[in-house]
Amino acid sequence: MIITPINPSDRQALAKLQHSVDFLLRYQVPARIPQSVPAKKIVNCRHCKEEFAVTQPQGECKHHSGKLERQGNDLIYTCCKRSNGAAPCARSTRHVYSQDNAAEACSIIPFVTVTKTPKQAYDALALDCEMGYTSLGSEVLRLTVVDFVTEKTVLDVYVKPKGQVWDYATRYSGVTSEHMVNALSLEDARAKLINMMSPQTILIGHGLDHDLVCLRLAHAAVIDTSLFFPHQDGLPKRRSLKVLAMELLGRHIQADDQFHNPVEDALTALHIVKQRINRV
Ligand SMILES: [Zn+2]
Ligand SMILES: [Zn+2]
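Since the structure is predicted, the reported quantities are computational estimates derived from the model, not experimental observations.

## Thoughts on the overall build of the chain
For the chain, the count of helices and strands is nine helices and 15 strands. Relative to the 2.2 N^0.38 estimate, which gives 19 Å for 280 residues, the radius of gyration of the chain is 19 Å and therefore close to what a compact globule would have. In terms of its C-alpha atoms, the chain occupies a principal-axis envelope of roughly 55 × 45 × 35 Å. Looking at the 280 residues of the chain, the share that counts as buried comes to 36%.

## What about the domain arrangement of the chain?
According to the domain assignment, the chain consists of domain 1 (8-35 + 110-279) and domain 2 (42-94). Each of domain 1 and domain 2 was reduced to a C-alpha centroid, and the two centroids are 25 Å apart.

## Considering the pairing of strand E10 (residues 153-160)
Alignment of strand E9 (residues 137-147) against E10, held across five bridges, turns out to be antiparallel. Bridge pairing in E10 links Arg142 to Tyr158. Once E9 ends, the chain turns through five residues before running back antiparallel as E10, passing Glu151 with a positive phi of about 65 degrees. Of the pairings in the sheet, the one linking E10 to strand E12 (residues 184-185) comprises two bridges and is parallel in character. Following the sheet pairing, Lys160 is matched in E12 by Ser185.

## Focus: the nonpolar core
By size, the foremost hydrophobic cluster in this structure holds 62 residues, and its most contacted members are Leu125, Ala126, Val140, Ile204 and Leu270. Per-element tally for this core: the top contributor is strand E8 (residues 124-134), with seven residues. Domain assignment of the residues forming this core places at least three in each of domain 1 (8-35 + 110-279) and domain 2 (42-94). When neighbours within four sequence positions are excluded, Ala126 is seen to be in contact with Val146, Phe148, Ile204, Gly205, Ala266, Leu267, Ala269 and Leu270.

## A short note on the environment of Leu143
Tracing the backbone through its elements, the reader meets Leu143 in strand E9. When the C-alpha positions of Leu143 and Tyr158 are compared, they lie 6.4 Å apart, and in sequence the two are 15 residues distant. When neighbours within four sequence positions are excluded, Leu143 is seen to be in contact with Cys129, Leu155, Val157, Val159, Ala189 and Leu193.

## Observations regarding unusual backbone geometry
Even without a glycine there, the phi angle at Glu151 is positive, about 65 degrees. The topology assignment puts Glu151 in the loop between E9 and E10. Residue class for Glu151 comes out partly exposed when judged on the 14 C-beta atoms lying within 10 Å of it. Phi is positive for Ala169, close to 50 degrees, though the residue is something other than glycine. Note that Ala169 resides in the loop between strand E11 (165-167) and helix H4 (170-173). We classify Ala169 as buried; it has 21 C-beta atoms within 10 Å.

## Let's talk about the pairing of strand E13 (residues 202-205)
Regular strands place side chains that alternate from one sheet face to the opposite one. Side chains Ile202 and Ile204 project from E13 onto one buried face, and the interleaved Leu203 and Gly205 project onto a second face that is buried too. Bridge count for E8 against E13 is three bridges, and the pairing is parallel. Paired with Ala124 across the bridge in E13 is Ile202. Relative to strand E15 (residues 222-224), E13 is paired through three bridges, and the arrangement is parallel. Within E15, the residue paired with Gly205 across the bridge is Asp224.

Calculation notes
Residues numbered from 1 in each chain as written. Chains lettered and ligands numbered in written order. Predicted model: local features only at pLDDT ≥ 70, side-chain atom pairs only at ≥ 80, totals over all residues. Helix = DSSP H or I, 4+ residues; strand = E, 2+ residues; numbered from the N terminus. Rg over C-alpha atoms; globule rule 2.2 N^0.38 Å. Buried ≥ 20, exposed ≤ 12 C-beta atoms within 10 Å, placed from the backbone. Domains from an automatic or database assignment. Pairing = 2+ DSSP bridges. Core = buried A, V, L, I, M, F, W, Y, C linked by C-beta atoms within 7 Å. Contact = placed C-beta atoms within 7 Å.

What follows is the structure, given as structure tokens:
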């Protein structure tokens, strides 16, 4: 492995963009290993918002499988193209949930952090995970990492979840049970990432709070594009990567009829950061 070092002016610019630990923690980014608290047994379904017990997910789940997206003055569901408030277009026989609270997530699968500096470590990496829903909440199904300098993909592996899979979210993730045949464990996939990093390696991404919680990776050097360009209603609402890609880069990503491409998503966050440091 030969790592091309970042140029000093980019390194300085990135250091300026890095969020403080306090800021990251305020927005649920696990900048340090959280203190574990027992996970809630009653949760809200990610799809239909209804409450259910994690041990009893069976039930009629009526929902929209897509997101609400602004089109002119209207909010339109990406799934069925109907407007906000329209009757749900999808139904399933099971609710799903996401374990977004780092302290609770910690009680289910423990966190690690980067402690060692290998002989060679990347200065900055862009990261994107595809997730699915399991009996343990949201879990990583695919981990993709792109080098800031060369923009080459340096890691792209499928990850086998620990819980019983409820939904591969294939419509977005592109992942199916077939990808699980040669998938790595979370620990092995994460170790591949950690082996390329030092505690100072800057991780770049969009909505990294969710990726890092699912990876159970605490890290303090983070640039999260979702925290740079707040939603008009203010944080914690965030603007989607898709919208930012169009506005800032004039790039159309995540078409409604396509799987998310994690390489493209990681590169998009990376290019938004590069555009920003060139402006500074
Ligand atoms: Zn719909
Ligand atoms: Zn539901």
